[in-house]
Amino acid sequence: MIRDLILKNRSYRRFYQEVGIELETLRELVDLARLSASGANRQPLKYVLSCAPQKNALIFPHLSWASYFKDWPGPSEGERPSAYIIVLGDTEISQPFGADYGIAAQSILLGAVDKGLGGCMIVSIEKDGLRKVLGIPPRYEILLALALGKPKETVVIETVGPNGDIKYWRDSEGTHHVPKRSLDDIIIEN
Ligand SMILES: Cc1cc2nc3c(=O)[nH]c(=O)nc-3n(C[C@H](O)[C@H](O)[C@H](O)COP(=O)(O)O)c2cc1C
């Protein structure tokens, strides 16, 4: 089951924007992050939730999508995320934030997939602008954004070919392909 969940947990970048996500759902997802591992159990992460269209519209322009797709500026209106979870680091608790935010992000995305949703981790963020529109105090470092929604695209995994190209690509039908290195390539000794 965990393998199925991880296989389904792809980076989705196009959504049924009209399908909303309740605030309570976002709170349940953050609760999964809350229960996850944290270096020295310091738990320095804090979160901003957004599921209202007006607030979502403030966040969207500050995120960068799919850097390998040079001609694609990101999802168009109607296919944008229905919600966001912005992961912050509380500098009054600890700094730097180590692996905590990656672990939290994965917990949240796995929880989203389990609920029939999907999303994408985004670290390419125009942070000053996002801080301004959301009124995030300087004490919090913006670490990562999770875009969430009901996925409107098919994502398939394939094995990296002999040329070693790891760039994801989209075919003429809009299916998104993600090359993954083979198991034998990544286990260097066993
Ligand atoms: C730390 C991290 C940062 C990422 N930042 C971005 C980003 O800024 N924009 C984006 O579109 N995708 C981002 N991604 C998604 C990756 O492109 C994606 O994980 C990769 O292409 C593999 O696809 P998969 O998640 O379906 O396995 C990020 C992923 C990770 C783990």
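The structure presented is a predicted model; accordingly, all values stated were derived computationally and were not measured. (Residues numbered from 1 in each chain as written. Predicted model: local features only at pLDDT ≥ 70, side-chain atom pairs only at ≥ 80, totals over all residues. Heavy atoms only, no water.)

Caption draft 1: Structural view of the pattern of salt bridges. Inspection of the entire model under this criterion finds 10 salt bridges. For Arg14, the salt bridge is made with Glu153, and the minimal N-O distance between the two is 2.9 Å. Of this pair, Arg14 sits in the loop between α1 (2-8) and α2 (23-34) while Glu153 sits in the loop between β4 (140-149) and β5 (155-159), placing them 139 residues apart in sequence. Across the pair Glu79 and Lys152 runs a salt bridge whose closest N-O atoms are separated by 3.4 Å. You can see Glu79 sitting in the loop between α3 (53-59) and β2 (83-90) and its partner Lys152 sitting in the loop between β4 and β5, a full 73 residues away along the chain. Through salt bridges with shared partners, a single ionic network connects Lys46, Asp90, Glu92 and Arg139. (Salt bridge = Lys/Arg side-chain N within 4 Å of Asp/Glu carboxyl O. Helix = DSSP H or I, 4+ residues; strand = E, 2+ residues; numbered from the N terminus.)

Caption draft 2: Region of interest: the sheet that holds strand β7 (residues 176-180). Here we have three strands laid out as an open sheet, ordered β5-β7-β6, and mixed in their pairing. Unpaired on one side and paired on the other, β5 and β6 (169-170) mark the two borders of the sheet. Alignment of β6 against β7, held across two bridges, turns out to be antiparallel. Opposite Arg170, over in β7, you have His176 as the bridge partner. (Pairing = 2+ DSSP bridges.)

Caption draft 3: Highlighting the environment of Arg42. With respect to the helices, strands and loops of the structure, Arg42 is situated in the loop between α2 and β1 (45-50). The class of Arg42 is partly exposed, set by a relative accessible area of 46%. If we skip the residues at most four places from it in the chain, Arg42 touches Ile93 and Ser94. (Buried < 20%, exposed > 50% of the residue type's maximum accessible area, 1.4 Å probe, protein only. Contact = heavy atoms within 4.5 Å.)

Caption draft 4: Spotlight on the sheet that holds β2. An order of β1-β2-β4-β3 is seen for the four strands of this open sheet, with the pairing classed as antiparallel. Single-partner strands in this sheet number two, and they are β1 and β3 (118-122). Looking at each pair of strands side by side, their axes are set apart by 25° on average, direction ignored. Helix-sheet contacts for α2 involve β1, β2 and β4, and the interaxial angle to β1 is about 160°. Together, β1, β2, β3 and β4 form the strand contacts of helix α4 (residues 100-114), whose direction differs from that of β4 by roughly 15°. (Axes fitted to C-alpha atoms, helices over the stretch in contact; angles between N-to-C directions.)

Caption draft 5: Expanded view of α4. The terminal C-alpha atoms of α4, which comprises 15 residues, lie 21 Å apart, in line with the 21 Å expected from a rise of 1.5 Å per residue. Among the residues making up α4, those that are buried are Asp100, Ala104, Ala105, Ser107, Ile108, Leu109, Leu110, Gly111, Ala112 and Val113. Looking one or two places after α4, you find Gly116, whose phi comes out positive at around 85°. (Expected span 1.5 Å × (residues − 1).)

Caption draft 6: Fine view of the site of the ligand. Residues in contact with the ligand amount to 14 residues; listed here are only the nearest, Arg10, Ser11, Arg13, Ala66 and Lys180. At a separation of 3.2 Å, an oxygen atom of the ligand approaches a polar backbone atom of Val123. Here the shell around the ligand gets three residues from one element, more than from any other, and that element is β3. Split by residue class, the shell around the ligand holds eight nonpolar, three polar and three charged. (Near = heavy atom within 4 Å. Polar contact = N/O pair within 3.5 Å; in protein donor to acceptor, adjacent residues only side chain to side chain. Nonpolar A, V, L, I, M, F, W, Y, C, P; charged D, E, K, R; others polar.)

Caption draft 7: Layout of the packing of α2 against α4. Running from amino to carboxyl end, α2 crosses α4 at an angle of 135°, the nearest separation of the two axes being 8 Å. Taken together, the axes of α2 and α4 lie oblique to each other. Read as a crossing pair, α2 and α4 show a hand that is right-handed. Here Leu29, Leu32 and Ala33 of α2 come into contact with α4, specifically with Ala104, Ser107, Ile108, Gly111 and Ala112. Residue composition of the contact of α2 with α4, by class: six nonpolar, two polar and no charged. (Parallel < 35°, antiparallel > 145°, perpendicular 65-115°, else oblique. Left-handed = near helix turned anticlockwise from the far one by under 90°.)

On their own, these measurements won't tell you what the molecule is for.
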